[in-house]
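# Structural features, examined
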Amino acid sequence: MPPIKHNSKPRDRVLSEGELREVYKRAGEATYPFGPIIQLLILTGQRRSELGSLRRSWVHDGWVTFPDGFAKNKRMHTFPLSASAQAVFAAVLGQSDLVFSAATNIERPFSGWAWHKARFDTLLEGVEPYTLHDLRRTFATVHAKIGTPIYVTEKLLNHVSGTISGVAAVYNRHSYSDEMELAMAAYDEYLAKLMQG
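Residues numbered from 1 in each chain as written. Predicted model: local features only at pLDDT ≥ 70, side-chain atom pairs only at ≥ 80, totals over all residues. Heavy atoms only, no water.

### Thoughts on the overall build of the protein chain
Formally: Only DSSP runs of H or I covering at least 4 residues are called helices, and only runs of E covering at least 2 are called strands; the numbering of each starts at the N terminus. Here's how the labels work: a residue is buried when its accessible area is under 20% of the maximum for its type, exposed when over 50%, partly exposed in between, all with a 1.4 Å probe on protein chains only. Should any heavy atoms of two residues lie within 4.5 Å, those residues are counted as being in contact. Areas reported as accessible are Shrake-Rupley estimates using a 1.4 Å probe. Residue values count occlusion only from the protein chains shown.
A count of helices and strands for the protein chain gives nine helices and three strands. Here the protein chain holds 197 residues, and the buried ones make up 42% of them. Excluding contacts between residues fewer than 6 apart, the proportion of contacts in the protein chain whose partners are at least 24 apart in sequence is 63%. Counting only carbon and sulfur atoms, one obtains 55% of the accessible surface of the protein chain, whose full area is about 11200 Å².

Set out below in structure tokens:
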């Protein structure tokens, strides 16, 4: 029997600077929960499911730590919040440990992604159809544009099969904390300038 052929291909959609500006601007104007979620997706590059289940107890001194077993690759992941991301996080008020909880139960993570995104997208002007994962790809692309080394971007994104893999991944235990903080500060600066354009 011949192998089954899948017509799906990897997505390569990256938002243009104008589109990123529009989405980020509208996210800043939108209400809880989806506005802050979109802002943090843009500012951190994390996966939507991970941000949707983010807990306040995982955030300390401007750093987020996803515990073992939580992230897609099941590994603990620690990354810095930029000044802008910290401001968004601080403005989100909640009644539970979950930063973004379900509308009907504050002890359950945020849900209803498709409905919220469809509603949010009606606010946008001049933005072609995109997925929330496209924001993650855009985050990585902007970091390449501003000169962030790929291995630092991979640390921010929690990619384990990237440039530091195999034997290098086993023996290289450098945390890249300083490098990640510098990269996030540069990314914040890029977004600030983009918003002025």
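### As for unusual backbone geometry
A cis amide bond links Tyr32 with the next residue in sequence, Pro33, at an omega value of 5 degrees. Note on placement: Pro33 falls in the loop between α1 (17–29) and α2 (34–44). Positioned with a positive phi, Asn158 is a non-glycine residue whose angle comes to about 65 degrees. Mapped onto the elements, Asn158 comes out in the loop between α7 (150–157) and α8 (166–171). Relative accessible area serves as the criterion here: at 8%, Asn158 is assigned to the buried category.

### Comments concerning the sheet that holds strand β2 (residues 63–66)
The criterion, for reference: The pairing criterion is simple: DSSP has to find at least two bridges between the two strands. Angles shown run from 0 to 180 degrees and are taken between the N-to-C directions of axes, each axis being a line fitted to C-alpha atoms and, for helices, limited to the stretch in contact.
Here three strands make up an open sheet; going across it, the order is β1-β2-β3 and the pairing antiparallel. At either end of the open sheet lies a strand with only one pairing partner, and these are β1 (59–60) and β3 (77–80). As judged from the four bridges shared by β2 and β3, these two strands associate in the antiparallel manner. Along β3, the bridge assignment pairs Thr65 with Thr78. On the sheet, helix α9 (residues 177–196) packs against β2 and β3 and is oriented at approximately 45 degrees with respect to β3.

### Describing the nonpolar core
Proteins that are soluble and globular tend to have nonpolar side chains buried together. Our working definition: Nonpolar core, defined: a set of buried Ala, Val, Leu, Ile, Met, Phe, Trp, Tyr and Cys residues in which side-chain atoms within 4.5 Å join the residues together.
Core analysis: the biggest nonpolar cluster contains 48 residues, and Val23, Ile38, Ile42, Leu54 and Leu191 have the highest contact counts within it. Breaking this core down by element, the ones donating at least two residues are α1, α2, β2, α4 (83–91), α5 (113–121), α6 (132–145), α7 and α9. Among all residues touching Leu191, those that are not within four sequence positions of it are Leu20, Tyr24, Ile42 and Leu43.

### Structural notes on the environment of Arg13
Worth spelling out the cut-off: Any N or O atom pair separated by 3.5 Å or less is treated as a polar contact, with the protein-specific requirement of one donor-capable and one acceptor-capable atom, and with residues adjacent in sequence counted only for side-chain atom pairs.
Looking at the secondary structure, you find Arg13 in the segment before α1. Residues Arg13 and Thr138, spaced 125 residues apart in sequence, show a C-alpha to C-alpha distance of 8.0 Å. When sequence neighbours within four positions are dropped, the list of residues in contact with Arg13 reads Glu19, Val127, Glu128, Pro129, Tyr130, Asp134 and Arg137. In this structure the side chain of Arg13 is engaged in a polar contact, spanning 2.9 Å, whose partner is the backbone oxygen of Pro129.

### Observations concerning the confidence of the model for the protein chain
Rules: For every residue, the predictor states its confidence as a pLDDT score lying anywhere from 0 to 100.
Counting all residues, the mean pLDDT for the protein chain is 89, and 87% of those residues have values of 70 or more. pLDDT under 50 marks residues 1–8. Its contacts with residues more than four places away, or in other chains, come to zero contacts. Counted against residues more than four places away or in other chains, residues 165–173, with its pLDDT under 50, gives three contacts.

### Notes on the pattern of salt bridges
The condition that has to hold: Any Lys or Arg side-chain nitrogen found within 4 Å of a carboxyl oxygen on Asp or Glu counts as a salt bridge.
Counting across every chain of the model gives nine salt bridges. A salt bridge links Lys145 to Glu17; its shortest N-O distance comes to 2.5 Å. Taken together, the residues span a long stretch of sequence, with Lys145 in helix α6 and Glu17 in helix α1 at a distance of 128 residues. Residue class for Lys145 comes out exposed when judged on its relative accessible area of 56%. When the shortest N-O distance is used, the salt bridge between Asp121 and Lys117 registers 2.5 Å. Here Asp121 pairs with Lys117, and both are found in helix α5, just four residues apart, close to one helical turn. Taking the relative accessible area as the measure of exposure, Lys117 reaches 14% and is therefore buried.

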